[in-house]
Structures are given as structure tokens and as C-alpha cells.
Amino acid sequence: MSSTPVPLVTTPVFLVDIPLLPESAAGHAMQFIDLLRGANLLARLRLGAQAPRLAWRLLDAYGVPLPALPGPLAAYTGGSVQAAAAPTVDIRACALFLPSFHAADIPAIRAVAGRNQAMSRQVGQVLDSGRPVLTLGNAAWLAAHSGRLSGRQVCLPWFYVAGFERDFPDIGFTPGQAVSEDGLWISGAMPAHVSDLAVTLVRHTLGPTLAEACASVLVPDPERTRAALQANAQQHIPATRDSTLARAMAWMEEHLDQPYCLRTLAAAASVSPRTLLRHFQQELSLSPLDHLHGLRCARAKVLLEVTLESVPSIAVACGYADPAAFRRIFVRYVGMAPAEYRKRHALRAPRRRWRVEVR
């Protein structure tokens, strides 16, 4: 008696090609891969082990896959496609992502595009096959050189618009948007918009539900941040840790410019001075006063960097009535005197540069 074979359930894997030119901003490619990995994690959490997922491979300027690299780069350069190559996996080529590239000005951008005509031809082949092309920033030049994007819209930083319009007058612009999606061309203006590009690709491949989940997790959202902080301030979100150390540290941060008193600090933390000292020693291997000195020196570094206040004034602002004591403590914690630190790290021009000579 023969049994009926159980059909294999195949898991779709959507393959994204990511070319790296000699001039490419490789960090943008790595960030995009990290976002794809985040999308895969969300898909697995929601749909289980059989969830569809995204894979990627890095290519050279001629479309040849790059070899895997050892160490930390292995997660980016190897294993993504090979691990997916199983009988139960259905690999589908889905898109091409072009990260922006390093170029000092518009002529340099044109030179890069001219040197990489093979990649522009590959972009044309991808578009002809019905797969989308994603571009970030000035990578739009490579896509436009394919000759397949006449009449389309593109997102670009404002400082590229005039030069791009001269080179490709038949391509329009979508001002005021992070991402433009016009047919098979998906473009992002700035490096900050790489997460929006990733979410758009997720919508095309894994579906709108997962894209919405990715957008809430992977894309910066100032309104959610403000809402979370406000809810936390109004104690709608309970603290995950209300420890003696947390209470003491919070009090010190709010009273950096006040004289140090162990009894006052212990009372703010609702413990005895002996108990407070024990908590600091067990958890941080230092005393509360050592921690306070570190906080005060951190504030002093900021004031030295961004203000023109004198060192004695900064000492008072950081809780030190004696400038000499402040200098000794600053040297101990930072490794150099306040004046030397300001000389190396100041973000303000010396006052003499402000003067306008009256003749």
C-alpha cells in the first residue's frame, strides 16, 4: 500500500541585488541590509518559520557577485542567498538597490556615472524584466543613464536638482517627499531616507501588513517619541526599574550645581547613607561622589565646547566653588586641563574673530 507523497511547502525568498561601485557609500548598503534583516525578524515573529523573507547579494560594478568576507562583514557579504538555497525555498529576484556614491560635486557625479555605464545597462535590464530599481541620492544618475526612465519622477536633495534637470530634462521631481515611487523607480533623496526605501520594498514583496509593522519600528517617528516621553512623564508607562541607584542618579543629575551631601542624597533615594554607599560600591565599584564628579565633568566638557564662559564660571555652574579644585578633578577624570580641552574641542570661534574692524 503506497502512501501519497506530502507536497513540500515552499517559502518565498525575495532576492535584492546591491551593486557596490568603487565610489559607492558602502555604509548605506550595510544600513539597507540591516533594515532588511529587521524586516525578516518582524516577519518571522508574526508569521513563524515559514514566513516569506528578503535575501540580498552584493555585486561589483559589472554585476558579478562579490565573495563572502570573514569576520563582522560575513553577515553582509555571505550566507544570505546560500542559506536560502534549500528544496523548500523559492528564490525570486525582486529588485536592485543602488546606494549613493561619493562625489564632491555635479561634475564628479557625472564622471562616476560615465565610468559605470555597465551598471546603467544592468539597471535597464532589471527595469525591462519588470523588477523595481531603488536609488538613494545621487545614484539616480546611474538609473537615469539607463534610458528607461523618461517621464518618471525622482526624489533628490535640493542641491542636486539643477544639475540633474540639465542632464535629464525629461525626468520630473517630487519635492517635499522622502521617497518617490513612480512605476518601477523608487527613489530616496537623502541617506536618512534609506529606511523609507526599505519599507517600500517590504510592501512590494512581503505585503502591506508587514510594511506597516516595519514602518512603525524601522522608520524614525518624532510624534511617537514625543508621545512616549509624555506618557512616561505622566506615569502612564510604569518604570521598569525603580532602584536605589536610579533614584540617586536622577537626583544628582538634577542637582549638579549644588554642594554634595551624602545624607541629602540618601534621603532622596529613600535609604540610609550606609545603604546608598553599599549599592554604589556593589553595582558600580565607585562612590556616589565619584559618580557625581563624572557627571559634573561631562557637563563641564559641553560648556567648554559650546560657550565662551571662563573656567571659574564653568566651575561654579558644575558645582565647584573652588576653580583650582575643579581643575584638579577635571584633569583626573578627563586627562587634561579645562583650558587644553577647550583648545582641542571648542565648537565656537574665539571672541577676537567676531570683532569688526572700524576704519
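Each remark here, short or long, concerns the structure printed above.
Residues numbered from 1 in each chain as written. Predicted model: local features only at pLDDT ≥ 70, side-chain atom pairs only at ≥ 80, totals over all residues. Heavy atoms only, no water.

**Some points on the overall build of the chain**
- Across its full length, the chain holds 17 helices and eight strands.
- Residues classed as buried in the chain amount to 41% of the 359 residues present.
- Across the chain, contacts joining residues at least 24 apart in sequence account for 65% of those joining residues at least 6 apart.
- Accessible area for the chain stands at about 20000 Å²; split by element, carbon and sulfur atoms hold 55% of it. (Helix = DSSP H or I, 4+ residues; strand = E, 2+ residues; numbered from the N terminus. Buried < 20%, exposed > 50% of the residue type's maximum accessible area, 1.4 Å probe, protein only. Contact = heavy atoms within 4.5 Å. Areas by Shrake-Rupley, 256 points an atom, 1.4 Å probe, with all protein chains shown as cover.)

**Examining the side chain of glutamate 305**
- For glutamate 305, the location among the structural elements is in helix H14 (residues 288-306).
- Despite its burial, glutamate 305 pairs with no opposite charge, the nearest such side chain being lysine 301 at 6.2 Å.
- Within the structure, glutamate 305 has its side chain in polar contact with the side chain of tyrosine 341 (distance 2.4 Å). (Lys, Arg positive; Asp, Glu negative; His and termini not counted. Salt bridge = Lys/Arg side-chain N within 4 Å of Asp/Glu carboxyl O. Polar contact = N/O pair within 3.5 Å; in protein donor to acceptor, adjacent residues only side chain to side chain.)

**Considerations on the pattern of salt bridges**
- All chains considered together, the criterion is met by seven salt bridges.
- Across the pair arginine 37 and aspartate 34 runs a salt bridge, and its minimum N-O distance is 3.5 Å. Of this pair, arginine 37 and aspartate 34 both sit in helix H1 (residues 26-47), three residues apart, which is roughly one turn of that helix.
- Judged by relative accessible area, aspartate 34 falls into the partly exposed class, the value being 36%.
- A salt bridge links arginine 203 to glutamate 181, with the shortest nitrogen-to-oxygen separation between them at 2.7 Å. Of this pair, arginine 203 sits in helix H8 (residues 194-205) while glutamate 181 sits in strand E7 (residues 179-182), placing them 22 residues apart in sequence.

**Concerning the pairing of strand E4 (residues 133-136)**
- Side-chain alternation along E4 places Val133 and Thr135 on one buried face and Leu134 and Leu136 on a second face that is also buried.
- Sheet analysis places E4 next to strand E8 (residues 185-188), joined by four bridges and oriented parallel. By the bridge assignment for E8, leucine 134 is matched with isoleucine 186. (Pairing = 2+ DSSP bridges.)

**Considering helix H5 (residues 117-128)**
- Compared with the 16 Å implied by 1.5 Å per residue over twelve residues, the 17 Å span of H5 between its first and last C-alpha is a close match.
- Among the residues of H5, those classed as buried are Met119, Ser120, Gln122, Val123, Gly124, Val126 and Leu127.
- Phi turns positive, to about 85 degrees, at glycine 130, one or two residues after H5. (Expected span 1.5 Å × (residues − 1).)

**Quick notes on the nonpolar core**
- Ranked by size, the top nonpolar core spans 36 residues in total, and within it Val16, Ile18, Phe32, Leu54, Phe97 and Leu201 carry the most contacts.
- When residues of this core are traced back to their parent elements, those giving at least two are strand E1 (11-19), H1, strand E2 (53-59), strand E3 (89-98), E4, H8 and helix H9 (208-218).
- Setting aside its immediate chain neighbours within four residues, isoleucine 18 contacts Ala29, Phe32, Ile33, Trp56, Arg57, Leu58, Leu59, Phe97 and Pro99.
- Within the second largest apolar cluster, 28 residues are counted, among which are Ala144, Val154, Tyr160 and Trp185. (Core = buried A, V, L, I, M, F, W, Y, C linked by side-chain atoms within 4.5 Å.)

**As for empty space enclosed by the protein**
- Within the structure shown, the criterion is met by one cavity of 30 Å³ or more.
- Each pocket or cavity is described by its volume, and for the largest cavity that value is around 50 Å³.
- Taken together, Trp251, Met252, His255, Gln258, Pro259, Tyr260, Cys261 and Leu292 make up the full set of residues lining the largest cavity.
- The residue inventory of the lining of the largest cavity, partitioned by class, reads six nonpolar, two polar and no charged. (1 Å grid on protein atoms, 1.4 Å probe; cavity = no way out; pocket = protein on both sides within 12 Å on 5 of 7 lines; lining within 4 Å. Points joined across faces, edges and corners; volume = space filled by probe spheres on them. Nonpolar A, V, L, I, M, F, W, Y, C, P; charged D, E, K, R; others polar.)

**Describing the environment of leucine 58**
- If you trace the backbone, leucine 58 turns up in strand E2.
- Placed 39 residues apart in sequence, leucine 58 and phenylalanine 97 show a C-alpha to C-alpha distance of 9.9 Å.
- In contact with leucine 58, other than residues within four places in its own chain, are Ile18, Leu20, Met30, Ile33, Val64, Pro65, Leu66, Tyr76 and Thr77.

**Regarding unusual backbone geometry**
- Of note in this structure, serine 270 is not a glycine but carries a positive phi near 65 degrees.
- You can see serine 270 is positioned in the loop between helix H12 (262-268) and helix H13 (273-284).
- Phi is positive for serine 285, close to 60 degrees, though the residue is something other than glycine.
- Note on placement: serine 285 falls in the loop between H13 and H14.

**Let's talk about H8**
- A rise of 1.5 Å per residue sets the reference length of H8, with its twelve residues, at 16 Å; its end C-alpha atoms lie 17 Å apart and thus fit the reference within 8%.
- Within H8, nine of the twelve residues are buried, which leaves the element mostly enclosed by the surrounding structure.
- What H8 keeps buried is the set Val194, Ser195, Leu197, Ala198, Val199, Thr200, Leu201, Val202 and Thr205.
- Just beyond H8, the residue with positive phi is glycine 207, at close to 105 degrees.

**A closer look at a nonpolar patch on the surface**
- A grouping of Trp158, Phe159 and Met190 is seen on the molecular surface, where their side chains present a nonpolar patch of about 380 Å² in accessible area.
- Of note, methionine 190 is situated in the loop between E8 and H8. (Patch = residues over 30% accessible without salt bridge, like charges linked within 9 Å, V, L, I, M, F, W, Y side chains within 5 Å.)

**Observations concerning the packing of aromatic side chains**
- Tallied over the entire structure, the rule returns ten aromatic pairs.
- Ring geometry for tryptophan 141 and tyrosine 160: centres 5.7 Å apart, planes at 90 degrees, overall edge-to-face. Of this pair, tryptophan 141 sits in helix H6 (residues 140-144) while tyrosine 160 is found in helix H7 (residues 158-167), placing the two residues 19 residues apart along the sequence. Judged on exposure class, the residue tryptophan 141 and its partner tyrosine 160 are both buried.
- With a centroid separation of 5.9 Å and an interplanar angle of 70 degrees, the aromatic rings of phenylalanine 164 and phenylalanine 173 are classed as edge-to-face.
- Members of the aromatic cluster, connected to one another through ring pairs, are Trp141, Trp158, Phe159, Tyr160, Phe164, Phe168 and Phe173.
- Above the face of the tyrosine 320 ring, arginine 296 is positioned so that its terminal group lies 4.9 Å from the ring centre. (Phe/Tyr/Trp six-rings, centres within 6.5 Å; stacked < 30°, edge-to-face > 60°. Lys NZ or Arg CZ within 6 Å of the ring centre and 35° of its normal.)

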